Amino acid sequence: MQLWLEKIASPVGDMLIAWDDQERLRVLDFSDYEPRMKELLRLQYDDCEVGSGVAPRSIAEPIARYFAGEITAIDAISVFTGGTEFQKSVWAALRGIPAGTTLSYGALAQRLGCPKAVRAVGGANGANPIGIVVPCHRVIGANGTLTGYGGGLHRKKWLLAHEGVHLAAPDLFADA
C-alpha cells in the first residue's frame, strides 16, 4: 500500500499528515513525535510504503480552516485507519464528540456499550493515528482535568481552548 506524507505548519507546531490514493487521511501527528507516528504506521499497515507529496485540497484546506477558527471544518475530512475492530469503534466514536465539547473516558466507554472498558478505551485513544481530526484531545479525565495526550498536554490545552472549551475543574497542568 502506498501512502503520501507532507509536513505542514500549525499554530501548535509542525504536523505530519499522510493520506492514501483515495485522499483519505491516514495519519496526523506532530513532527516532534515522528518516531511514534512511524511505529503506528508499522503496527497498522505492515506493507506500507511512504512517499513525499503535497496534501490534497480535500485534506489541507479543512485543516487550515480549522486552525483559522472554523473548528467544524475538519469534520468533512475522509479518514481511514487500520487497527483492531475495537480501536476502530473508539476512533469512530471520537468523531462523534462535537467540537467545543469534551467527554470522559468512562462516558466514552458507556457510549460504546462497554462501561467497564475504560482502560481499553484509553488505550485505543492513545493509539489514535489521526490526531485532531479524530479528536482524541476532546477526551478528559472524569474529574474534568486534562489527561494524557500523544502530542503533549500543552497542545491538548491549546486545542481545547481553540475550540472554546473551558474546563470546569482546576487545570492540574496549567504550566505544561
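Residues numbered from 1 in each chain as written. Predicted model: local features only at pLDDT ≥ 70, side-chain atom pairs only at ≥ 80, totals over all residues. Heavy atoms only, no water.

Another aspect to go through is helix 1 (residues 34-44). Residues of helix 1 that are buried include every one of Met37, Leu40, Leu41 and Gln44, and no others. One side of helix 1 holds all its buried residues, which, seen down the axis, span an arc of 100°. Structural note: helix 1 exposes Pro35 and Leu43 on the side pointing more than 90 degrees away from its buried face. For helix 1, the elements touching its buried residues are strand 1 (2-8), strand 2 (15-19), strand 3 (25-30), strand 4 (49-52) and helix 3 (85-94). (Buried < 20%, exposed > 50% of the residue type's maximum accessible area, 1.4 Å probe, protein only. Helix = DSSP H or I, 4+ residues; strand = E, 2+ residues; numbered from the N terminus. Arc of directions from axis to C-beta. Contact = heavy atoms within 4.5 Å.)

For the rest of this paragraph, the subject is the pattern of salt bridges. Overall, the coordinates contain ten salt bridges when judged by the stated rule. Note that Asp20 is salt-bridged to Arg24, the shortest N-O span being 2.7 Å. There is no split in this pair, since Asp20 and Arg24 are both buried. With a shortest N-O distance of 3.2 Å, Asp32 and Arg155 are connected by a salt bridge. (Salt bridge = Lys/Arg side-chain N within 4 Å of Asp/Glu carboxyl O.)

Relative to the helices and strands, Asp29 is located in strand 3. Each residue touching Asp29, except ones within four places of it in the same chain, is listed here: Asp14, Met15, Leu16, Arg36 and Met37.

Let's shift gears to the confidence of the model for the protein chain. A residue-level look at the protein chain finds 95% of positions with pLDDT of 70 or above and a mean pLDDT of 90. Here helix 1 stands out as the element of the protein chain with the lowest mean pLDDT, 81, in contrast to helix 2 (residues 57-67), whose mean of 97 is the highest. (pLDDT = per-residue confidence, 0-100.)

Glancing now at the packing of helix 3 against helix 5 (residues 118-126). Where helix 3 meets helix 5, the closest approach of the two axes is 9 Å, and the angle between their N-to-C directions is 80°. Looking at the two axes, helix 3 sits roughly perpendicular to helix 5. Seen from helix 3, the contacting residues are Phe86, Gln87, Val90, Trp91 and Leu94; seen from helix 5, they are Ala120, Val121, Ala124 and Asn125. Here the residues of the contact of helix 3 with helix 5 sort into seven nonpolar, two polar and no charged. (Axes fitted to C-alpha atoms, helices over the stretch in contact; angles between N-to-C directions. Parallel < 35°, antiparallel > 145°, perpendicular 65-115°, else oblique. Nonpolar A, V, L, I, M, F, W, Y, C, P; charged D, E, K, R; others polar.)

Once that is clear, we can look at the packing of aromatic side chains. If you walk through the whole model with that rule in mind, you get two aromatic pairs. With 5.1 Å between their ring centres and 80° between their planes, Tyr66 and Phe67 make a pair best called edge-to-face. Against the face of Phe80 rests Arg24, its NZ or CZ located 4.3 Å from the ring centre. For the cation-ring pair, Arg155 lies above Phe30, with the distance from its terminal atom to the ring centre recorded as 4.1 Å. (Phe/Tyr/Trp six-rings, centres within 6.5 Å; stacked < 30°, edge-to-face > 60°. Lys NZ or Arg CZ within 6 Å of the ring centre and 35° of its normal.)

Our next topic: the layout of surface pockets. Empty space within the largest pocket amounts to approximately 200 Å³. Secondary structure elements with two or more residues in the lining of the largest pocket: strand 3, helix 1 and helix 5. A per-class count over the lining of the largest pocket returns seven nonpolar, eight polar and two charged. (1 Å grid on protein atoms, 1.4 Å probe; cavity = no way out; pocket = protein on both sides within 12 Å on 5 of 7 lines; lining within 4 Å. Points joined across faces, edges and corners; volume = space filled by probe spheres on them.)

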